[in-house]
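# Geometric and topological summary
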Amino acid sequence: MIRGAVIAFQRYNLFDVTSTPFTGLENFRAVLAEDRFWTALRNTGTWVAVSLFFQFFLGFGLALLLRRHFRGRGFYQAWVFFPWAMSGFLIGLLWRWMFNGQFGVINDLLLKAGIIDERIGFLATPGWAMTSVIVANIWYGVTFFAIMIMAALQSVPRELYEAAAVDGASRLRQFWHVTLPHIRPTLALIVLLRIIWILNFPDLIYSMTGGGPAGSTDIITTFLIQQVIGGDYGRAGAVGLLILGLLLAFSVFYLNATRFEKAR
């Protein structure tokens with residue numbers, strides 16, 4: 001980490017490692033002057049916000065359903081948790097095949113259902129490409145919230161529900177006044193962790209689109225990877241420090257806004 005921070009202030013190019021002079025803030029100025037960086041930053045906001053919203057609420061719903069005892073519950077739990085056992089790069093390849101404009105199963109299903117009249121180049125069209133990678137990320141991340149929220153729900157003492165039922169509280173009021181307050185610190189923490197992980201999750205995008213077409217699915221971490229592939233380690237280090245600073249600033253703001261210490 002320290003070495004990466006030092007490189008951010010050097011002219012460190014893989015094709016000329018014999019001369020790595022310190023250049024101050026030159027790498028940061030070069031990165032911030034690139035339109036691609038600002039496009040990637042805007043895409044990152046969309047990528048994180050939309051993915052997190054659907055992952056959280058779908059995961060919460062699954063956790064509530066799987067908390068109940070029913071026949072075959074273990075099988076459904078295993079099926080829901082299965083994506084989390086796979087690598088992000090492999091998931092990206094699977095969804096890339098599914099979204100393929102020529103032989104992808106998603107196009108095939110939409111055609112048979114009469115929803116579309118001709119095949120869509122999901123990963124070759126800027127608007128559809130971002131939607132496609134977000135859909136894949138939602139499918140992958142729902143599992144995390146389902147696992148964590150299920151664990152949190154199991155920690156709520158049954159005595160609290162029994163006391164609320166005696167007082168005449170409905171299921172909705174029990175959820176609002178017993179369940180949510182008890183698991184709020186856990187929810188605050190896992191949302192923060194997931195925001196950090198989604199932002200630092202270029203695997204799926206890189207294996208599906210490589211950041212294309214025309215940078216429409218670039219996020220800040222795929223932009224960093226492109227600097228590394230281009231051999232410019234100095235700029236890559238600068239982008240890495242910018243990401244670190246952004247996440248630190250957001251984490252401090254988030255924990256204060258959610259009053260995490262007070263909730264805990």
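Preceding this paragraph is the structure being described.
Residues numbered from 1 in each chain as written. Predicted model: local features only at pLDDT ≥ 70, side-chain atom pairs only at ≥ 80, totals over all residues. Heavy atoms only, no water.

### A short note on the environment of R67
Counting through the fold element by element, R67 comes out in helix α3 (residues 35-67). R67 gets classed as partly exposed once you look at its relative accessible area, which sits at 30%. Between the alpha carbons of R67 and I149 there is a distance of 9.7 Å; along the sequence they are 82 residues apart. (Helix = DSSP H or I, 4+ residues; strand = E, 2+ residues; numbered from the N terminus. Buried < 20%, exposed > 50% of the residue type's maximum accessible area, 1.4 Å probe, protein only.)

### Here's the deal with the pattern of salt bridges
This model, assessed by the stated rule, comprises 5 salt bridges. Ionic pairing is found between D232 and R235, a salt bridge with its closest N-O pair at 3.5 Å. Through salt bridges that share partners, E34, R36, D232 and R235 make up one connected network. (Salt bridge = Lys/Arg side-chain N within 4 Å of Asp/Glu carboxyl O.)

### A look at the packing of aromatic side chains
Applying the stated criterion across every chain, the model contains 18 aromatic pairs. Summarising the aromatic geometry, the rings of Y12 and Y233 are spaced 6.0 Å apart at their centres and angled 10° between planes, so their arrangement reads as stacked. In this pair, Y12 sits in the loop between α1 (2-7) and α2 (26-32) while Y233 sits in helix α12 (residues 233-257), placing the two residues 221 residues apart along the sequence. Classification of Y12 as buried rests on a relative accessible area of 17%. When its relative accessible area of 29% is taken as the criterion, Y233 is described as partly exposed. Here the aromatic rings of F37 and F223 are separated by 5.8 Å at their centres, their planes lie at 65°, and the arrangement is edge-to-face. Of this pair, F37 sits in helix α3 while F223 sits in helix α11 (residues 220-229), and the two are 186 residues apart along the sequence. Note on accessibility: F37 and F223 belong to one class, buried. Here the aromatic cluster, defined as three or more aromatic residues joined through ring pairs, consists of F53, F54, F56, F57, F60, F144, F145, F175 and W197. (Phe/Tyr/Trp six-rings, centres within 6.5 Å; stacked < 30°, edge-to-face > 60°.)

The values are spatial; any link to function lies outside them.
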